[in-house]
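Next come the chains, spelled out residue by residue.
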Amino acid sequence: MSTNTMIPVTILTGFLGAGKTTLLNRILKAEHGHKIAVIENEFGPESVDNDLLVREDGEQIVEMNNGCVCCTVRGDLVRILGELAAKRRTGKLKFDRVVIETTGMANPGPVTQTFFMDDEVAESYLLDGVVTVVDAKHGGQTLDEQDEAQAQVGFADRILLSKTDLVTPEEAAAIKARLVAINPRAPIKPVAFGDADVSDVLDIKGFNLNAILDIDPDFLAGRHEHSHEGDVGAFAFTSDKPFDGARLDEFLSSIVQVFGESLLRYKGVLFIKGMDRRVIFQGVHMMMGSDMGKAWGKDKRTNKMVFIGRKLPQDVILKGLEQCLVS
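What counts, and where the lines are drawn
Residues numbered from 1 in each chain as written. Predicted model: local features only at pLDDT ≥ 70, side-chain atom pairs only at ≥ 80, totals over all residues. Heavy atoms only, no water. Buried < 20%, exposed > 50% of the residue type's maximum accessible area, 1.4 Å probe, protein only. Helix = DSSP H or I, 4+ residues; strand = E, 2+ residues; numbered from the N terminus. Pairing = 2+ DSSP bridges. Salt bridge = Lys/Arg side-chain N within 4 Å of Asp/Glu carboxyl O. Phe/Tyr/Trp six-rings, centres within 6.5 Å; stacked < 30°, edge-to-face > 60°. Lys NZ or Arg CZ within 6 Å of the ring centre and 35° of its normal. 1 Å grid on protein atoms, 1.4 Å probe; cavity = no way out; pocket = protein on both sides within 12 Å on 5 of 7 lines; lining within 4 Å. Points joined across faces, edges and corners; volume = space filled by probe spheres on them.

So, the pairing of strand 1 (residues 7-14)
In terms of residue burial, strand 1 counts as a mostly covered element, since eight of its eight residues are buried. Both faces of strand 1 are covered, namely the face carrying Ile7, Val9, Ile11 and Thr13 and the face carrying Pro8, Thr10, Leu12 and Gly14. In terms of strand pairing, strand 1 meets strand 6 (residues 125-135) through eight bridges, oriented parallel. Paired with leucine 12 across the two strands is valine 131, which belongs to strand 6.

Digging into the pattern of salt bridges
Any two side chains of opposite charge can pair, on the condition that their charged atoms come close. Tallying each qualifying case throughout the model produces 13 salt bridges. With its nearest N and O atoms 3.3 Å apart, the salt bridge here joins arginine 97 to aspartate 203. One end of the pair, arginine 97, is in strand 5 (residues 97-101); the other, aspartate 203, is in the loop between strand 8 (188-191) and helix 8 (217-220), with 106 residues separating them in the sequence. Assessed through its relative accessible area of 10%, arginine 97 is described here as buried. With a shortest N-O distance of 2.6 Å, arginine 278 and aspartate 299 are connected by a salt bridge. Placement of arginine 278 in strand 11 (residues 277-284) and of aspartate 299 in the loop between strand 12 (287-295) and strand 13 (303-310) is noted, with a sequence separation of 21 residues between them. Judged by its relative accessible area of 11%, arginine 278 is buried. A single salt-bridge network, built from bridges that share partners, covers Asp157, Arg185 and Arg265.

Observations concerning the packing of aromatic side chains
If you walk through the whole model with that rule in mind, you get seven aromatic pairs. Ring geometry for phenylalanine 115 against tyrosine 125: centres 6.4 Å apart, planes inclined by 80°, an arrangement best described as edge-to-face. In this pair, phenylalanine 115 sits in helix 3 (residues 109-117) while tyrosine 125 sits in strand 6, placing the two residues 10 residues apart along the sequence. For the pair formed by phenylalanine 115 and tyrosine 125, the shared burial category is buried. Pairing phenylalanine 116 with phenylalanine 207 gives two aromatic rings, centres 5.8 Å apart and planes at 50°, and the pair type is tilted. Placement of phenylalanine 116 in helix 3 and of phenylalanine 207 in the loop between strand 8 and helix 8 is noted, with a sequence separation of 91 residues between them. Assessed through its relative accessible area of 38%, phenylalanine 116 is described here as partly exposed. Residue class for phenylalanine 207 comes out buried when judged on its relative accessible area of 12%. Linked through ring pairs, Phe235, Tyr266, Phe281 and Phe307 together constitute an aromatic cluster. A cation over an aromatic ring shows up here: arginine 88 above the ring of phenylalanine 95, its NZ or CZ 5.6 Å from the ring centre.

Describing the layout of surface pockets
Quantified by volume, the largest pocket comes out at close to 500 Å³. Along its surface, the largest pocket is lined by 21 residues, and Leu126, Leu127, Asp128, Phe207 and Asn208 are the ones closest to its centre. Of all the secondary structure elements, the ones that give two or more residues to the lining of the largest pocket are helix 3, strand 6, strand 11 and strand 12. Counting residues per element, the lining of the largest pocket draws most heavily on strand 6, at four residues.

Right under this line is the structure:
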């Protein structure tokens, strides 16, 4: 199936009380012109407004006034995605994209992997990005107490920081610094009352190999070295020397084999000896892909990589990458 006809999917994650539900209710009610199928992956204590949903046994797919569709999944996500795609093909349902809300306590990794590992899902759907909502007031405490909260931040392609109006500018800066230490590649955007614009959630192209790798400049300035953010953290590798392609390939494959489960997200723009174009690579856990990027032309040739994961052996990985450079 061509990329144009594939259905883009956004995974929306974040802690209980961070404002995901407010955001979902907005998507389901506001006149934003998008036809979105919203999948609630399991009901938490707070779910989308009950008056919006017809609750019966099994799943229920409800059409909203603004043309969005809402369905609640207690069972198998793969099955409901298959059913939605089939109903869309036969014209029973009209929607352009899907937003999946994961339960507040979940690590978004397994949901993300579904889009690469299940052939039927991968045939119809294209993963666009993971958006994580973080509560500025309670987020710090949640990150201290919950491993899953760290994983949600580590996986994010974009972070929406809610309730910034309830904290001082210093507190907001402190939580932002923590988020950057865990994930320097996700832009952070403050949102009031969970009231993010739909455009903050859609078309992020986080899993598009050629999407630009933006690493927070503060992070690259080396401020991150003192931050011990619980289990999940990030580090970057940069070098102006070219990589030996074969050596790098072998090294990255071995890293993914050994530390795959601990690697949440990793991405890089690579300067490979003998190639006039950038090579872009990225991965989730043990699934890694690479693609040719645009020609270097007059741009400065440089390697830039970021790794985000749980208790990764930073020194081992950085030394290994150094050894893959052409001396």
